[in-house]
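Report on the structure
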Amino acid sequence: MSQKLKIALPKGSLQNPTIQLLEQAGFNVYMSDRGLRPNSNDGELDIYLIRAQEIGRYMAEGFIDCGITGYDWASAHEENLVDLAELPYSRATVRPTKWVLVVPEDSPIQSVQDLEGKRIATEGVEITQNYLKHNGVNAHVEYSWGATEVKVPDLVDAIVDVTETGSSIRANNLRIVDTLLTSFPHFYSSKQAYSDEWKKAKMDRMVLMVKAALEARGKVGLKMNLPEKSLQEVIEKLPSLRRPTIARLAEDGWVAIETIIEDKVARHLIPDLKELGAEGIIEYPLTKIVP
Ligand SMILES: Nc1ncnc2c1ncn2[C@@H]1O[C@H](COP(=O)(O)OP(=O)(O)OP(=O)(O)O)[C@@H](O)[C@H]1O
Ligand SMILES: O=P(O)(O)OC[C@H]1O[C@H](OP(=O)(O)OP(=O)(O)O)[C@H](O)[C@@H]1O
Ligand SMILES: [Mg+2]
């Protein structure tokens, strides 16, 4: 019987961006309506959609071989996990998730010390309790089932919530007092699974492809032909991620250049290159970069 790798993907905020990333990496995950055991184009994967908060525990207990979930939730199980890679993607941006202490704009609370004896609501009770302990503050922490922003100031004095773009905080006229934790998703393995030669190799190859997909985001390839006399000036202009590849052309006095640039500089750079005499400039999309 062929071997299978049990992999958990996060159901919730990270679900769509995670499935998009896997697809870019070459692993197509086929979701069915409300189904939590998606199929994929890789018959060696056994996929489970599990809440991000629980993936760490099921890996630590050895029920799941590996998974992608937020550092914020998995770090509590660190000693039983192998952290294979930080994956810098988020729900809507490339910014990490932040767990922040938040109060209404006009609240008298200015620092963690002002929380002494106060009431705090959060989905991250343990994260909040650790933070208060670290700061030597005693406060009442209660679990929130969500829609946490609505609770200040009438139900509690402060909240600890997740923010990415900050739009929920602005929409509810709230103010950040402090950041407790920043978090990106990580690719974790259970220690048990990582000691299995086949599973380790499978995970390492998968991580390589997922990292390569992330590395390619926001970047494009650029190719052009150039009169050799402009070469030095063009090389100085190119914000190359690596040294550009330069090849001699059959026609005397001309070279071909190939390089990788950030896509956002292309619209400034390409007209500059044209002015320096470049011809046959081609910008092309990239889906993987393996450094
Ligand atoms: N707005 C967001 N942007 C980026 N990452 C987020 C965002 N909200 C949550 N995350 C990340 O997704 C994971 C799960 O977050 P969370 O515990 O808030 O559950 P959720 O999937 O958002 O579901 P719920 O609706 O219960 O809040 C965490 O690792 C968190 O860092
Ligand atoms: O800074 P932003 O980009 O606005 O993101 C932050 C929002 O995302 C999360 O909400 P979620 O969608 O998980 O709903 P929830 O309130 O039920 O947790 C979090 O609780 C904030 O409400
Ligand atoms: Mg949430």
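Residues numbered from 1 in each chain as written. Chains lettered and ligands numbered in written order. Predicted model: local features only at pLDDT ≥ 70, side-chain atom pairs only at ≥ 80, totals over all residues. Heavy atoms only, no water.

Put simply, the rule is: UniProt positions are given in the numbering used here, feature names are shortened, and annotations may be inferred rather than shown by experiment.
In the nomenclature of an unreviewed UniProt entry, the protein chain corresponds to ATP phosphoribosyltransferase from the organism Oceaniferula marina. Taken from UniProt, the Function (unreviewed entry) comment for the protein chain reads in full: "Catalyzes the condensation of ATP and 5-phosphoribose 1-diphosphate to form N'-(5'-phosphoribosyl)-ATP (PR-ATP). Has a crucial role in the pathway because the rate of histidine biosynthesis seems to be controlled primarily by regulation of HisG enzymatic activity." According to its UniProt record, the protein chain has this under Pathway (unreviewed entry): "Amino-acid biosynthesis; L-histidine biosynthesis; L-histidine from 5-phospho-alpha-D-ribose 1-diphosphate: step 1/9."

1. Looking at the layout of surface pockets
Rules: Residues are said to line a cavity or pocket when one of their atoms sits within 4 Å of a point; the points come from a 1 Å grid over protein atoms alone, cavities being sets where a 1.4 Å probe fits but cannot get out and pockets being open sets with protein on both sides within 12 Å along at least five of seven lines. Grid points are joined across faces, edges and corners, and a volume is the space filled by probe spheres set on the points. Each helix corresponds to a stretch of at least 4 residues labelled H or I by DSSP, and each strand to a stretch of at least 2 residues labelled E; elements are numbered beginning at the N terminus. Under the scheme applied, nonpolar residues are Ala, Val, Leu, Ile, Met, Phe, Trp, Tyr, Cys and Pro; charged residues are Asp, Glu, Lys and Arg; polar residues are all the others, including Gly. For each domain, the first and last residues come from an automatic or database assignment.
Considering only enclosed or pocket space, the largest pocket measures out at about 770 Å³ in volume. Lining the largest pocket are 33 residues, and of these Ser-13, Arg-91, Thr-97, Glu-123 and Val-162 sit closest to its centre. Looking at the lining of the largest pocket, the elements that each hand over two or more residues are β1 (5-11), α2 (52-60), α3 (71-74), β7 (97-104), β10 (158-163) and α5 (167-171). In terms of residue count, β10 provides more of the lining of the largest pocket than any other element does, 3 residues in total. Each residue belonging to the lining of the largest pocket can be placed in one class, and the counts come to 12 nonpolar, 13 polar and 8 charged. A domain-level breakdown of the lining of the largest pocket finds at least three residues from each of domain 1 (5-92 + 184-216) and domain 2 (97-182). Size it by volume and the second largest pocket reaches roughly 400 Å³. The wall of the second largest pocket is formed by 17 residues, among which Asp-72, Ala-76, Glu-126, Ile-127 and Asn-130 lie closest to the centre.

2. With respect to the environment of Pro-96
Heads up, the condition is: Two residues form a contact once any of their heavy atoms are found within 4.5 Å.
Position of Pro-96 among the secondary structure elements: in the loop between β6 (81-86) and β7. Residues Pro-96 and Leu-181, spaced 85 residues apart in sequence, show a C-alpha to C-alpha distance of 9.8 Å. If near-sequence neighbours (up to four positions away) are discounted, Pro-96 is found in contact with Ser-90, Thr-163, Glu-164, Thr-182, Ser-183 and Phe-184.

3. Topic: the site of ligand 1
Under the convention used in this document: For this description, a residue counts as near a given molecule or strand if any of its non-hydrogen atoms is within 4 Å of it. Counted as a polar contact is a pair of N or O atoms within 3.5 Å, where, for protein atoms, one must be capable of donating a hydrogen and the other of accepting one, and residues adjacent in sequence contribute only when both atoms are in side chains. Using the Shrake-Rupley algorithm and a 1.4 Å probe, accessible areas are obtained, with residue cover drawn only from the displayed protein chains. A molecule is said to be in a cavity or pocket once over half of its atoms fall within 2 Å of that pocket's grid points.
Ligand 1 sits among 16 residues. The nearest are Ser-13, Arg-51, Asp-72, Thr-97 and Glu-164. At 3.1 Å, a side-chain N or O of Gln-53 approaches an oxygen atom of ligand 1. Between ligand 1 and Arg-91 there is a distance of 3.0 Å, counted from a nitrogen atom to a side-chain nitrogen or oxygen. Burial of ligand 1 by the protein amounts to 82% of the accessible area it has alone, namely 590 Å². Put simply, ligand 1 lies in the largest pocket. Where the shell around ligand 1 is concerned, the elements lending two or more residues are α2 and α3. Tallied by class, the residues present in the shell around ligand 1 amount to 4 nonpolar, 6 polar and 6 charged. Per-domain counts for the shell around ligand 1 show at least three residues from each of domain 1 (5-92 + 184-216) and domain 2 (97-182).

4. A short note on the domain arrangement of the protein chain
Segmenting the protein chain into domains produces domain 1 (5-92 + 184-216), domain 2 (97-182) and domain 3 (219-285). Inter-centroid distance (C-alpha atoms) of domain 2 to domain 3 is 50 Å.

5. Some points on the UniProt feature "domain: ATP phosphoribosyltransferase catalytic" (unreviewed entry) in the protein chain
The UniProt feature table records "domain: ATP phosphoribosyltransferase catalytic" (unreviewed entry) at residues 51-210. Counted over residues 51-210, helix gives 29% and strand 31%. Its end C-alpha atoms are 21 Å apart.

6. Regarding the pairing of strand β8 (residues 119-122)
Threshold: Pairing between strands is defined by DSSP: at least two bridges between them are needed. The handedness of a crossover follows from its direction of travel: if, with the strands pointing away from the viewer, the path from the first strand over the helix to the second runs clockwise, the crossover is right-handed.
Alignment of β8 against strand β9 (residues 140-143), held across 4 bridges, turns out to be parallel. The residue of β9 that forms the bridge with Ala-121 is Glu-142. With respect to chirality, the unit in which β8 leads through helix α4 (residues 125-134) into the neighbouring parallel β9 is right-handed. Bridge count for β8 against β10 is 3 bridges, and the pairing is parallel. When the sheet's bridge partners are listed, Thr-122 is paired in β10 with Val-160.

7. Regarding the sheet that holds β9
The criterion, for reference: Here, axes are lines fitted to C-alpha atoms. For helices the fit covers the stretch in contact, and angles between N-to-C directions go from 0 to 180 degrees.
Taken together, 5 strands build an open sheet; the order of strands is β9-β8-β10-β7-β11 and the sheet is mixed. This sheet does not close on itself; its edge strands, each paired only once, are β9 and β11 (174-183). The sheet shows a mean angle of 25° between the axes of neighbouring strands, taken without regard to direction. Sheet analysis places β7 next to β11, joined by 8 bridges and oriented antiparallel. The residue bridging Val-102 from the neighbouring strand is Ile-176, located in β11.

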